[in-house]
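Chain residues, written in single-letter form:
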Amino acid sequence: MIRFFKSNVLAFVFTFAIIVFVSNLNAESCGTFISSWEKPIVLNESWQFRKGDNLDWRDESVEESFWVKRSVPDYGISKTENLTGYHWYRCSFVLPENFNSPVEPVAIQLGRIRDIDEFYLNGNLIDATGQVLPRLEVDFQKVRIYSLPTHLLKPGINTLAIRIYAATNLNGLKQAPVIYKEKDLRDKIFTSEVFPMVCGYVFIFMGIYFLVGSIVRGRTGENFFFALFSMFIGYYVLIRTQHRNILFDSFTTSYVVELLILICLPAFFLNFLHQYLKVKRNLILIGYEVFLVVLFIVTLFFRTPKAWILVIALFNYALPVAIGLALFLFIRYGKEKIVKLRYILFGLACLLPTILLDSLSALEIISFPGSIYLGFLLFLVMISIQLSNDMVLGLNNFIEQEKDLIQMERVKTGFLMNLSSEFKSGMEKIQLAMFRISNPTQLAPKKKAKAKSKTKKDESNTERSLLEIIKQAEDHISYMGYMVEEALLLKQLEEKTYVPKFENFSVKQLIKDCVSSIENHLGQRRKNLSLEVKPESLEIHQSPELVFVIIRNLVENAYIYTDVHTDVSIEFYSQNGYYYLIVTDEGLGMSQIEMETIFQKFVRGYKESKSEIPGAGIGLTLVQATAEFLGGTVTLKSAEGMGAKFIVKIPEKGVKV
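Residues numbered from 1 in each chain as written. Predicted model: local features only at pLDDT ≥ 70, side-chain atom pairs only at ≥ 80, totals over all residues. Heavy atoms only, no water.

1. Comments concerning the overall build of the protein
Phase 1 of the analysis: Of the regular secondary structure elements, the protein holds 16 helices and 19 strands.
Phase 2 of the analysis: In the protein, which comprises 657 residues, the proportion classed as buried is 47%.
Phase 3 of the analysis: The contacts of the protein with a sequence gap of at least 6 include a subset with a gap of at least 24, amounting to 76%. (Helix = DSSP H or I, 4+ residues; strand = E, 2+ residues; numbered from the N terminus. Buried < 20%, exposed > 50% of the residue type's maximum accessible area, 1.4 Å probe, protein only. Contact = heavy atoms within 4.5 Å.)

2. Some details on the sheet that holds strand 7 (residues 106–111)
Phase 1 of the analysis: Here 5 strands make up an open sheet; going across it, the order is 1-3-12-7-10 and the pairing mixed. The sheet is open, and its two edges are formed by strand 1 (27–29) and strand 10 (144–147), each paired on a single side. Between one strand and the next, the sheet's axes are offset by a mean angle of 30°, whatever the strand orientation.
Phase 2 of the analysis: Here strand 1 runs beside strand 3 (residues 41–45); their pairing, made up of 3 bridges, is parallel. Across the sheet, residue Ala27 finds its bridge partner in strand 3, namely Val42. (Pairing = 2+ DSSP bridges. Axes fitted to C-alpha atoms, helices over the stretch in contact; angles between N-to-C directions.)

3. Some words on the nonpolar core
Phase 1 of the analysis: Membership of the largest hydrophobic core comes to 68 residues, with the highest contact counts inside it found for Phe229, Phe272 and Phe379.
Phase 2 of the analysis: Broken down by secondary-structure element, the contributors of at least two residues to this core are helix 3 (194–216), helix 4 (222–239), helix 6 (251–277), helix 7 (283–299), helix 8 (305–333), helix 9 (338–362) and helix 10 (371–401).
Phase 3 of the analysis: Among the elements that take part in this core, helix 6 stands out by supplying 18 residues, more than any other. (Core = buried A, V, L, I, M, F, W, Y, C linked by side-chain atoms within 4.5 Å.)

4. Examining the sheet that holds strand 14 (residues 529–534)
Phase 1 of the analysis: Taken together, the 5 strands give an open sheet; going across it, the order is 14-16-17-19-18, and neighbouring strands pair in mixed fashion. Single-partner strands in this sheet number two, and they are strand 14 and strand 18 (633–638). Averaged over all pairs of adjacent strands, the angle between their axes in this sheet comes to 10°, without regard to strand direction.
Phase 2 of the analysis: Note that strand 14 and strand 16 (residues 568–575) share 6 bridges and pair parallel. Bridge pairing links Lys534 to Tyr573 in strand 16.
Phase 3 of the analysis: Each of strand 18 and strand 19 (644–651) touches helix 16 (residues 619–629); the most contacted strand, strand 19, lies at about 25° to it.

5. So, the state of the cysteines
Phase 1 of the analysis: Under the counting rule described, the total for this entry stands at 1 disulfide.
Phase 2 of the analysis: Between Cys30 and Cys91 runs a disulfide, and the two sulfur atoms are separated by 1.9 Å. With the S-S bond torsion at -120°, the cross-link from Cys30 to Cys91 turns out left-handed. With Cys30 in the loop between strand 1 and strand 2 (32–33) and Cys91 in strand 6 (residues 85–95), the pair connects residues that are 61 residues apart, well separated along the chain. As far as burial versus exposure is concerned, Cys30 and Cys91 are alike and both buried. (Disulfide = S-S within 2.5 Å.)

6. Notes on the environment of Cys514
Phase 1 of the analysis: Of note, Cys514 is situated in helix 13 (residues 507–522).
Phase 2 of the analysis: Spatially, the C-alpha atom of Cys514 lies 9.5 Å from that of Asn553, the residues being 39 residues apart in sequence.
Phase 3 of the analysis: With residues up to four places along the chain from it excluded, the contact list for Cys514 reads Phe548, Ile551 and Arg552.

7. Points about the environment of Cys91
Phase 1 of the analysis: A residue is classified by how much of its surface remains accessible, and Cys91, at 5% relative accessible area, is buried.
Phase 2 of the analysis: Between the C-alpha atom of Cys91 and that of Glu60, which follows or precedes it by 31 residues, the distance is 10.0 Å.

8. Observations regarding the packing of helix 14 (residues 544–560) against helix 16
Think of two packed helices as two axes; the pair is described by the angle between the axes and how far apart they sit.
Phase 1 of the analysis: Orientation of helix 14 relative to helix 16, taken along the N-to-C sense of each, is 145°, at an axis distance of 9 Å. Every pair of crossing elements has a handedness; the one defined by helix 14 and helix 16 is left-handed. Contact with helix 14, carried on its side by Leu546, Val549, Ile550, Asn553, Leu554 and Asn557, involves Gly619, Leu620, Leu622, Val623, Thr626, Ala627 and Phe629 of helix 16 and no other residues of that element. (Left-handed = near helix turned anticlockwise from the far one by under 90°.)

9. So, the pattern of salt bridges
Phase 1 of the analysis: Summed over all chains, the structure comprises 20 salt bridges.
Phase 2 of the analysis: Close ionic contact of Glu60 with Lys154 constitutes a salt bridge, the shortest N to O distance being 2.3 Å. Taken together, the residues Glu60 in the loop between strand 4 (47–51) and strand 5 (68–70) and Lys154 in the loop between strand 10 and strand 11 (156–166) connect sequence positions 94 residues apart.
Phase 3 of the analysis: The partner of Arg244 in a salt bridge is Glu258, and the shortest N-O contact between them spans 2.6 Å. With a gap of 14 residues between them, Arg244 in helix 5 (residues 243–247) and Glu258 in helix 6 connect regions that are remote in the sequence. (Salt bridge = Lys/Arg side-chain N within 4 Å of Asp/Glu carboxyl O.)

10. What about the packing of aromatic side chains?
Phase 1 of the analysis: Evaluated as defined, the whole model comprises 25 aromatic pairs.
Phase 2 of the analysis: Taken together, a centroid distance of 5.7 Å and an interplanar angle of 70° make the contact between Tyr498 and Phe629 edge-to-face. Of this pair, Tyr498 sits in the loop between helix 12 (456–495) and strand 13 (503–506) while Phe629 sits in helix 16, and the two are 131 residues apart along the sequence.
Phase 3 of the analysis: Looking at Phe629, the relative accessible area reads 32%, which means it is partly exposed.
Phase 4 of the analysis: Look at Phe599 and Phe646: their rings are 6.3 Å apart centre to centre, the planes differ by 85°, and that puts the pair in the edge-to-face class. A residue pair is termed long-range when its members are at least 10 positions apart, and Phe599 in the loop between helix 15 (592–597) and helix 16 and Phe646 in strand 19 qualify at 47 residues.
Phase 5 of the analysis: Connected via pairs of aromatic rings, a cluster forms that spans Phe226, Phe229, Phe269, Phe272, Tyr276 and Phe379. (Phe/Tyr/Trp six-rings, centres within 6.5 Å; stacked < 30°, edge-to-face > 60°.)

11. Side note on helix 4
Phase 1 of the analysis: Between its terminal C-alpha atoms helix 4 stretches 26 Å, which fits the 26 Å expected from 18 residues at 1.5 Å a residue.
Phase 2 of the analysis: Counting buried residues along helix 4, 15 of its 18 residues qualify, which places the element largely inside the surrounding structure. (Expected span 1.5 Å × (residues − 1).)

12. Focus on a nonpolar patch on the surface
Phase 1 of the analysis: Taken together, the side chains of Leu283, Ile286, Val290, Val294 and Val298 define a hydrophobic patch exposed on the protein surface, amounting to about 440 Å² of accessible area.
Phase 2 of the analysis: Turning to its location among the elements, Val294 is positioned in helix 7.
Phase 3 of the analysis: What makes Val294 partly exposed here is its relative accessible area of 47%. (Patch = residues over 30% accessible without salt bridge, like charges linked within 9 Å, V, L, I, M, F, W, Y side chains within 5 Å. Areas by Shrake-Rupley, 256 points an atom, 1.4 Å probe, with all protein chains shown as cover.)

13. Describing the packing of helix 6 against helix 8
Phase 1 of the analysis: It is the contact of helix 6 with helix 8, at a shortest axis distance of 10 Å, that shows an interaxial angle of 15°. Here helix 6 is positioned roughly parallel relative to helix 8, judged by the angle of their axes. Once helix 6 is placed against helix 8, the crossing between them reads as left-handed. The residues of helix 8 that touch helix 6, namely those facing Phe251, Thr252, Tyr255, Val256, Leu259, Leu262, Ile263, Pro266, Leu270, Leu273, His274 and Leu277, are Trp308, Val311, Ile312, Phe315, Leu319, Ala322, Leu325, Ala326, Leu329, Phe330 and Tyr333.
Phase 2 of the analysis: Per-class residue counts for the contact of helix 6 with helix 8 are 21 nonpolar, 2 polar and no charged. (Parallel < 35°, antiparallel > 145°, perpendicular 65-115°, else oblique. Nonpolar A, V, L, I, M, F, W, Y, C, P; charged D, E, K, R; others polar.)

Laid out in structure tokens, this is it:
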């Protein structure tokens, strides 16, 4: 990963090879005669170089006795001499006497320069990158392409001067300056960075995909850390292209962000491996992460190239720890978990050669830049294949071993739809009730045109109607509250976290209140309902909330699954230390298949149009869970065409009054 630590030319290998080939064909020395702008002029020989600073050196005529001739690129050739500070390069070219202005704008490409530069043509400042005063602002990643103004070009000798300030001992020109059509120079720079930019976007989108997957599927471990690793690499790659100038106004800020991203990458990858292999983090990893956190915080305050070099050095010194931890995991668990690691190992096999090539390129031993992007692309794709295979394998196991859960998911969808429909219906009824309350004149019977005042009887009827509407609205609100409370109650009963409150209460009054609420909600007033409590004044010591839940769901089911003229009976009595609640209807009854699934969660009884049936599909599940919580049972007796009979049996609690 040395490629991530040094500044170097970012180019796709094929495009880079073409540029080098063309450049070598048209290489020229300073003082060359330019007769045409139709081919690139590469000035790589006989440059005048001098250490120090004097603004007079920008002029066309300069005493060159103390200047040294150099061939460029010469980046890094001074291994021992300290060239921190200013140094100058000068070169010239000759235009013919009948010189005509170029049809297309012409520019010179200087490449990347460390760290600040000013470019002069015939003694005139053309452009600059970075500044020394009042505050040091460097930029050693921008590809310098400076226009050559037509009005400054002249027949005969034209002088180029480059004033460079190096904030560190890293200096020199990284490539031979090229004079050519400005549009073509900029297009080549863009073309050379197409592959890195595409890789950057692919890495980011790949990370977003797995991040969304980790959230949706609840897998916040390996998918989450791989998503961060992939997105950070993608963002890092984009910063190292011309996107840097789009994303940031200041190079200093962009480079600090670049270093911060770099510091995070080993931690993300190591945590991904630990999560993926289900291995506990050890003290070495924790210590390494503490080091990275400290380095991260310190880097936030570094704003100079020397400080950045220190950060990179510290990062490099600690990098073997990360490599060692990763190798340990592969060696320790690679054999027993080869299926889980095979694609990751393939990815590493693709990545390591590109790291080697990029390292040699960064050290300027060979010229083969850009390979690291291809390596990381293959590496991340292989990991993605591995994670995707795991997801598919997990899904296949899920389908094979948990087929009933698929049906449950469908039922849950129905539950949500039913719940939404019920809330919508309730809100519509409440809205209608509130409208009628706010328009009481519509409740009174219509009068003839000659009537001038309401009678006392009309006012009394209107008042009763208002009270009924208010009661209906309250019942609808209460009913929707019941649905939410019952869903929460079922969750608490299943998780065994519910704490009941026992008290004395009248059974008959509780049943009447429950029936009244149901009838108001459903808009039914059943004359064929029978209620029998033995003895009639029976009071019990039990949880009124739980008993109410049982009664409400059984009676409501009897109402909604039978015709309004069907007989429904409710019985409650005590016998042999148990309370018995029996709810019977004389409806169509249920088949054996229905009876086997009726107590399952989100399963609803059959009817011609289920969309007309209010409820969420958890009523009988809650009845059974509540009865069992109280130490009792619930049984169902039914047959097609024979009605249904629910018998709830719960033990007596405490002493009856």
